[in-house]
Amino acid sequence: MTERHRGFPMNALRVCVDEETACVEGRAYSKMEERPLFFSNYAQLLLLADKMFDRHGYPQHFQERRSFCREEEKSSIMHMLPEQKLSDETVLGQRGRRRTFDLVIKSRRRSGWQGCLLTDEEQADFESEIELLRMLEKIS
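Here we summarise the structure given alongside this text.

Conventions and cut-offs
- For every chain, the first residue of the written sequence is number 1, and numbering continues from 1 onward in sequence order.
- Local features are withheld for residues below a pLDDT of 70 in this predicted model, meaning they are given only at 70 or higher, and side-chain atom pairs are given and counted only at 80 or more; totals for whole chains, interfaces and linings count all residues.
- Values shown for side chains rest on all heavy atoms present in the structure; no hydrogens or waters enter the calculation.
- A pair of strands is considered paired only if DSSP assigns at least 2 bridges between the two.
- Note on conventions: DSSP H or I runs of at least 4 residues are helices, E runs of at least 2 residues are strands, and numbering of each starts at the N terminus.
- Whenever a helix is involved, its axis is fitted only over the stretch in contact; in every case the axis is a line through C-alpha atoms, and angles between N-to-C directions fall within 0 to 180 degrees.
- Two aromatic rings, drawn from Phe, Tyr or Trp (for Trp, its six-membered ring), form a pair once their centres lie within 6.5 Å of each other, and the interplanar angle then sorts them: stacked below 30 degrees, edge-to-face above 60, tilted otherwise.
- We call two directions roughly parallel when the angle between them is under 35 degrees, roughly antiparallel when it is over 145, roughly perpendicular when it lies between 65 and 115, and oblique otherwise.
- Left-handed describes a crossing whose near helix is turned anticlockwise from the far helix through less than a right angle; right-handed describes the clockwise counterpart.
- We call two residues contacting when some pair of their heavy atoms lies within 4.5 Å.
- Three classes are used, and their members are as follows: Ala, Val, Leu, Ile, Met, Phe, Trp, Tyr, Cys and Pro are nonpolar, Asp, Glu, Lys and Arg are charged, and the others, Gly among them, are polar.
- Multiplying one less than the number of residues by 1.5 Å gives the expected span of a helix.
- To sort residues, take the accessible area from a 1.4 Å probe on protein chains only and compare it with the maximum for the residue type: under 20% means buried, over 50% means exposed, and anything in between is partly exposed.
- The directions considered for the arc run from the helix axis to the C-beta atoms.

Digging into the sheet that holds strand β1 (residues 12-20)
Thought 1: The strand order across the open sheet built from six strands is β3-β2-β1-β4-β5-β6, with neighbouring strands paired in antiparallel fashion. If you trace the sheet from one side to the other, it starts and ends with β3 (37-39) and β6 (123-126), each paired once. Pairwise comparison of adjacent strand axes, ignoring direction, gives a mean angle of 20° for this sheet.
Thought 2: Relative to strand β5 (residues 114-118), strand β4 (residues 99-107) runs antiparallel, the two being bridged by five bridges. What sits directly across from V104, in β5, is C116.

What to know about the packing of aromatic side chains
Thought 1: Tallied over the full model, the rule gives three aromatic pairs.
Thought 2: Connected via pairs of aromatic rings, a cluster forms that spans F39, Y42 and F101.

Remarks on the packing of helix α1 (residues 42-56) against helix α3 (residues 129-139)
Thought 1: Where α1 meets α3, the closest approach of the two axes is 10 Å, and the angle between their N-to-C directions is 140°. Between α1 and α3, the crossing angle belongs to the class labelled oblique. Along this stretch, α1 crosses α3, giving a crossing that reads as right-handed. Touching Y42, A43 and L46 of α1 are E129, L132, L133 and L136, all from α3.
Thought 2: For the contact of α1 with α3, a count of residues per class yields six nonpolar, no polar and one charged.

Here we look at α1
Thought 1: With 15 residues, α1 should cover 21 Å at 1.5 Å per step; its first-to-last C-alpha distance of 21 Å lies within 8% of that length.
Thought 2: Those residues of α1 that fall on the buried side of the exposure criterion are Y42, L45, L46, A49, D50, M52, F53 and H56. Each buried residue of α1 lies within a common arc of 160° when the element is viewed along its axis, so the set occupies one face. Set apart from the buried face of α1 by more than 90 degrees, the exposed residues are L47 and K51.
Thought 3: The inward-facing, buried residues of α1 contact β1, β2 (24-29), β3, β4 and α3.

This is the structure:
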């Protein structure tokens, strides 16, 4: 991250944008996953990250979601802090060919994300995924 933070939080993603053509392509890193999340647009990034957060139960959903899948497919994992799979150095060492920024997800209330977007130039808070997507459009 930047000097504002000590270490890379478990509830954060390092987003590395490698291509910016008609779509934005890249990878995102979390300390909770050994492998990056590969995405071909920002909406896909949010969906993949949300599934990852659900798998690890962190950050927790404010409410239990309704689901129509079989019981064994549901995840009811709730952890105070999930197992760390990548070190701060490994995550912070990742850089995109076009741009790199961090997303810190502070909470997942109202079936959405709240947090902040950290770039080299600024920090901006968001209250929903739509607001985050609009911010990402502006920096691309």
